[in-house]
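# Coordinates in review
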Amino acid sequence: MTRRTTVTLLAGALVAAPAIGKDNDAMKELLETSQNDKKGLMLYVKGQSIAGIVVKVGADTVELRSREYSRIVVRIDSIDAAAMS
């Protein structure tokens, strides 16, 4: 690997880092809104959809409840998308 390639990869990572943080902040905001307002949301994880209301948001997990299940725990980094009605 040349020095130019290394510098290019490092610059790309520095440019992408703020965008990744903003997506995570938006996800956390949506989860906290569901928790505070007791509004349901839909999480999309690896092609599956999980409906529920947020009970607790941890450092790396979110806990939901639904009509079918009293406790659902999902890793935040595995969530592909979230939707709130």
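Our subject is the structure that appears above.
Given the structure is predicted, the values throughout are model-derived calculations rather than measurements.

## Comments concerning the overall build of the chain
Scanning the chain for helices and strands turns up 1 helix and 5 strands. Helices (α) and strands (β) of the chain occur, in sequence order from the N terminus, as α-β-β-β-β-β. Counting across all 85 residues of the chain, residues that qualify as buried make up 19%. Of the contacts made within the chain by residues no fewer than 6 positions apart, 38% connect residues no fewer than 24 positions apart. Carbon and sulfur atoms provide 54% of the accessible area of the chain, an area that totals close to 6400 Å².

## So, the sheet that holds strand β5 (residues 81-84)
On the basis of which strands lie adjacent, the open sheet formed by 5 strands has the order β4-β3-β2-β1-β5 and antiparallel pairing. Either end of the sheet is taken by a strand with one partner, and the two such strands are β4 (72-75) and β5. Neighbour-to-neighbour, the strand axes of the sheet open up by a mean angle of 45°, direction not taken into account.

## Brief notes about the pattern of salt bridges
Applying the stated rule across the entire model yields 3 salt bridges. Linking Lys56 and Glu63 is a salt bridge whose minimum nitrogen-to-oxygen distance equals 3.9 Å. The class for Lys56 is partly exposed, based on a relative accessible area of 48%. Between Glu63 and Arg71 there is a salt bridge, with its nearest N and O atoms 3.3 Å apart. On the basis of relative accessible area, Glu63 is assigned to the buried category, the value being 14%.

## Looking at the nonpolar core
In terms of nonpolar packing, the biggest core is built from 12 residues, these being Met27, Leu31, Leu41, Leu43, Val45, Val54, Val62, Leu64, Ile72, Val74, Ile76 and Ile79. Sorting the residues of this core by element identifies α1 (3-37), β1 (40-45), β3 (61-65) and β4 as the ones contributing at least two each. Counting residues per element, this core draws most heavily on β1, at 3 residues.

Analysis parameters
- Residues numbered from 1 in each chain as written.
- Predicted model: local features only at pLDDT ≥ 70, side-chain atom pairs only at ≥ 80, totals over all residues.
- Heavy atoms only, no water.
- Helix = DSSP H or I, 4+ residues; strand = E, 2+ residues; numbered from the N terminus.
- Buried < 20%, exposed > 50% of the residue type's maximum accessible area, 1.4 Å probe, protein only.
- Contact = heavy atoms within 4.5 Å.
- Areas by Shrake-Rupley, 256 points an atom, 1.4 Å probe, with all protein chains shown as cover.
- Pairing = 2+ DSSP bridges.
- Axes fitted to C-alpha atoms, helices over the stretch in contact; angles between N-to-C directions.
- Salt bridge = Lys/Arg side-chain N within 4 Å of Asp/Glu carboxyl O.
- Core = buried A, V, L, I, M, F, W, Y, C linked by side-chain atoms within 4.5 Å.

No statement about biological role is implied by the geometric values presented.
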